Amino acid sequence: GERGRMMDERENEAFDPRAVFEEYERARAFNEAIDLYETVEKNEDFYIGNQWRGVHAPDLDKPVMNVLARVVKFFIASVVSDDIAVGVTDFEEDESRRCITKMLEGKFDEIMEATAFKKKTREVIRNAAVDGDGCLHYFFNTEASGAQPDGGGMIEAEIVENTDIHFGNPQMHELQKQPYLLLNFRRLVGEVRQMAQEGEEIYPDEPLHREDAPPEHGKVTVIRKYWKRRGENGRTTVWFCEVTKDAVVTPPTDTGL
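J.: Can you help me understand the overall build of the protein in this one?
T.: A count of helical and extended segments in the protein gives seven helices and seven strands. When the helices and strands of the protein are placed in sequence order, the string is α-α-α-α-α-α-β-β-β-β-α-β-β-β. Out of the 257 residues belonging to the protein, those deemed buried represent 32%. In the protein, the share of contacts with a sequence separation of at least 24, taken over all contacts with a separation of at least 6, comes to 48%. In the form shown here, the protein has an accessible surface area of approximately 17300 Å², with 54% of it arising from carbon and sulfur atoms.

J.: What is the right way to look at the packing of aromatic side chains in this model?
T.: Here the distance between the centres and the angle between the planes together describe a pair of aromatic rings. Within the structure shown, the criterion is met by two aromatic pairs. Each ring, one from Phe21 and one from Tyr24, has its centre 5.4 Å from the other, and the planes form 75°; the classification is edge-to-face. With Phe21 and Tyr24 both in helix 2 (residues 17–33) and three residues apart, the pair spans about one turn of that helix. Ring centres of Tyr226 and Phe240 lie 6.3 Å apart, and the angle between their planes is 40°; on these two criteria the pair is classed as tilted.

J.: I'm lost on the confidence of the model for the protein in this one. Help?
T.: It should be kept in mind that the predicted coordinates are not to be read in detail where pLDDT is low. Averaged over every residue, the pLDDT of the protein is 86; the share at 70 or more is 89%. Element-level pLDDT for the protein is lowest in helix 1 (residues 2–13), with a mean of 54, against a maximum mean of 96 in strand 3 (residues 165–167).

J.: How do you make sense of the side chain of Arg126 when you look at a structure like this?
T.: Position of Arg126 among the secondary structure elements: in helix 6 (residues 117–131). For Arg126, a relative accessible area of 17% translates into the label buried. With residues up to four places along the chain from it excluded, the contact list for Arg126 reads Glu44, Tyr47, Ile76 and Asp131.

J.: Can you walk me through the packing of helix 4 (residues 67–79) against helix 6 in this structure?
T.: Working note: a packed helix pair is described by the angle between its axes plus the distance between those axes. At a closest axis distance of 10 Å, the pairing of helix 4 and helix 6 adopts a crossing angle of 135°. As judged from the angle between their axes, helix 4 and helix 6 are oblique. In terms of crossing hand, the pair formed by helix 4 and helix 6 is right-handed. Of helix 6, the residues touching helix 4 (which contributes Val72, Phe75, Ile76 and Val79) are Arg122, Ile125, Arg126, Ala129 and Val130. Split by residue class, the contact of helix 4 with helix 6 holds seven nonpolar, no polar and two charged.

J.: What exactly am I supposed to notice about helix 5 (residues 98–114) here?
T.: Note that an α-helix has 3.6 residues per turn; residues three or four places apart therefore point the same way. The first and last C-alpha atoms of helix 5 sit 24 Å apart over 17 residues, in line with the 24 Å expected at 1.5 Å per residue. Residues of helix 5 that are buried in the fold lie against helix 6. At the exit of helix 5 stands Ala116, carrying a positive phi of roughly 55°.

J.: Mind showing me how you'd approach the pattern of salt bridges here?
T.: For side chains bearing opposite charge, pairing can occur when the charged atoms are close. Under the counting rule described, the total for this entry stands at twelve salt bridges. With a closest N to O distance of 3.8 Å, Glu158 and Arg224 form a salt bridge. Taken together, the positions of Glu158 in strand 2 (residues 154–160) and Arg224 in strand 5 (residues 219–230) put the pair 66 residues apart, joining distant regions of the chain. Taken individually, Glu158 and Arg224 each receive the classification buried, so the pair is uniform in this respect. For the salt bridge of Asp205 with Arg186, the shortest nitrogen-to-oxygen distance reads 2.6 Å. One end of the pair, Asp205, is in the loop between helix 7 (189–195) and strand 5; the other, Arg186, is in strand 4 (residues 181–188), with 19 residues separating them in the sequence. In the salt-bridge network here, residues are joined through shared partners; they are Asp90, Glu92 and Arg97.

The rules behind these values
Residues numbered from 1 in each chain as written. Predicted model: local features only at pLDDT ≥ 70, side-chain atom pairs only at ≥ 80, totals over all residues. Heavy atoms only, no water. Helix = DSSP H or I, 4+ residues; strand = E, 2+ residues; numbered from the N terminus. Buried < 20%, exposed > 50% of the residue type's maximum accessible area, 1.4 Å probe, protein only. Contact = heavy atoms within 4.5 Å. Areas by Shrake-Rupley, 256 points an atom, 1.4 Å probe, with all protein chains shown as cover. Phe/Tyr/Trp six-rings, centres within 6.5 Å; stacked < 30°, edge-to-face > 60°. pLDDT = per-residue confidence, 0-100. Axes fitted to C-alpha atoms, helices over the stretch in contact; angles between N-to-C directions. Parallel < 35°, antiparallel > 145°, perpendicular 65-115°, else oblique. Left-handed = near helix turned anticlockwise from the far one by under 90°. Nonpolar A, V, L, I, M, F, W, Y, C, P; charged D, E, K, R; others polar. Expected span 1.5 Å × (residues − 1). Salt bridge = Lys/Arg side-chain N within 4 Å of Asp/Glu carboxyl O.

Here it is, written out as structure tokens:
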């Protein structure tokens, strides 16, 4: 209602992006404590055949026998050898509603095609095999090309590296019970400036966990936070916000989902 909207507006006015960025820095420190970044980098090197990284021996031959890539590719092919489809069944098996379930099946096929679901599934399994985890992030984009003017939108999917997703409680296994989730992205500064609210200053920065990597010019780290909130009507929905270290890109927003 009106009162709920006023409360949300007051919360947004008091919203501090630095608090979200501090949560990200704590999560990054946890990843460093368990050597996640180093492990993923080492695993990626071994997978592509760069098995002599860090060895200074210019006079020695450095033979490479890459058994890992063949094993992982065979594993992926075994897991996704069959094509994937979705079937929808009415619990009451009412023949008069079969047209609805057929329509839903068609919609699932359309979404899987539009999001390149099958190709991305193979890559997520590859990430899980090499890096230890895989994540496919689905979101509802109301501003996508083809989105409906009546408040509709498009379901989209993107692959997130396991070094770029952070859990509010990393000791809790159940995703739905997490207090919050953080995703970090590297975006072009100009793109983020277009998305941000008027008056917000967006500046380029360097990624925090890539000390030895070449510098990145014209990019900024954006943190997207997801959490759940119960509304006045008793219904719990997912909220999200997007911030840089010092600026609000998207204030706290109810997805309605």
